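Breakdown of the fold
Residue-level listing of the chains:
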Amino acid sequence: VDVDERQITYFGPHGGGAISINELSRIVVRTTEQGPATADFFWELTDRSLQRLTIPGDAENAQALFDALTALPGADFEAVIRASGTTTAQEFLVWERTPAPRIDT
């Protein structure tokens with residue numbers, strides 16, 4: 001995982017890509033019941049065009065995602081902590097872009 005100039009990049013053995021922090025619309029952490037024998041914690045980053053980047057929680061330098069989250073107002077770090085302690089398949093909303101207010105003319 002690399003976070004550079006407001007862009008998150010991940011390339012791993014099963015895919016990867018890049019997503020702009022400025023274009024993020026939603027971040028969730030998805031857990032499975034597979035751990036600890038295999039990866040069971042995944043970051044799912046979705047941008048405004050609904051492109052999704054999934055990053056395993058045990059990816060090299062995954063802790064860099066926490067630094068990226070500090071730039072997002074209202075990011076729920078408690079959700080990440082709850083996710084890291086679960087042993088069941090669940091989804092935890094970490095952050096979601098609030099829609100811009102509509103201006104009726």
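If you're wondering where the values come from, they're calculated on a predicted model, not measured in any experiment.

About the thresholds
- Residues numbered from 1 in each chain as written.
- Predicted model: local features only at pLDDT ≥ 70, side-chain atom pairs only at ≥ 80, totals over all residues.
- Heavy atoms only, no water.
- Pairing = 2+ DSSP bridges.
- Helix = DSSP H or I, 4+ residues; strand = E, 2+ residues; numbered from the N terminus.
- Axes fitted to C-alpha atoms, helices over the stretch in contact; angles between N-to-C directions.
- Contact = heavy atoms within 4.5 Å.
- Buried < 20%, exposed > 50% of the residue type's maximum accessible area, 1.4 Å probe, protein only.
- Arc of directions from axis to C-beta.
- Polar contact = N/O pair within 3.5 Å; in protein donor to acceptor, adjacent residues only side chain to side chain.
- Core = buried A, V, L, I, M, F, W, Y, C linked by side-chain atoms within 4.5 Å.

In any sheet, the strands associate via hydrogen bonds between backbone groups, in a parallel or an antiparallel arrangement. The strand order across the open sheet built from four strands is β6-β5-β4-β7, with neighbouring strands paired in antiparallel fashion. Since the sheet does not close on itself, it has two edges, and those belong to β6 (52-56) and β7 (90-96), each with one partner. In this sheet, adjacent strand axes meet at a mean angle of 20° when their direction is disregarded. Two strands pair when backbone bridges link them, and strand β4 (residues 24-31) and strand β5 (residues 41-47) are joined in this way by seven bridges, in the antiparallel orientation. Bridging across to β5, valine 28 finds its partner in glutamate 44. Against the sheet, helix α2 (residues 77-84) engages β4, β5 and β7, with an angle of about 165° to β7.

This part is about α2. Every buried residue of α2 is accounted for by Ala79, Val80 and Ala83. The buried residues of α2 occupy an angular sector of 100° when the element is viewed end-on, so they sit on one face. Buried residues along α2 sit against β4, β5, α1 (64-69) and β7. Sitting at the amino-terminal end of α2 is aspartate 76, which places a side-chain oxygen 3.1 Å from the backbone nitrogen of glutamate 78.

Taken in spatial order, the three strands make up an open sheet running β1-β2-β3, and their pairing is antiparallel. If you trace the sheet from one side to the other, it starts and ends with β1 (2-4) and β3 (15-20), each paired once. Taken over all neighbouring pairs, the strand axes of this sheet differ in orientation by 10° on average, direction set aside.

Moving on, we get to the nonpolar core. Val1, Ile8, Ile27, Trp43, Leu45 and Ile55 are the most contacted members of the largest nonpolar core, which has 27 residues in total. Elements that contribute at least two residues to this core include exactly β2 (7-12), β4, β5, β6, α1, α2 and β7.

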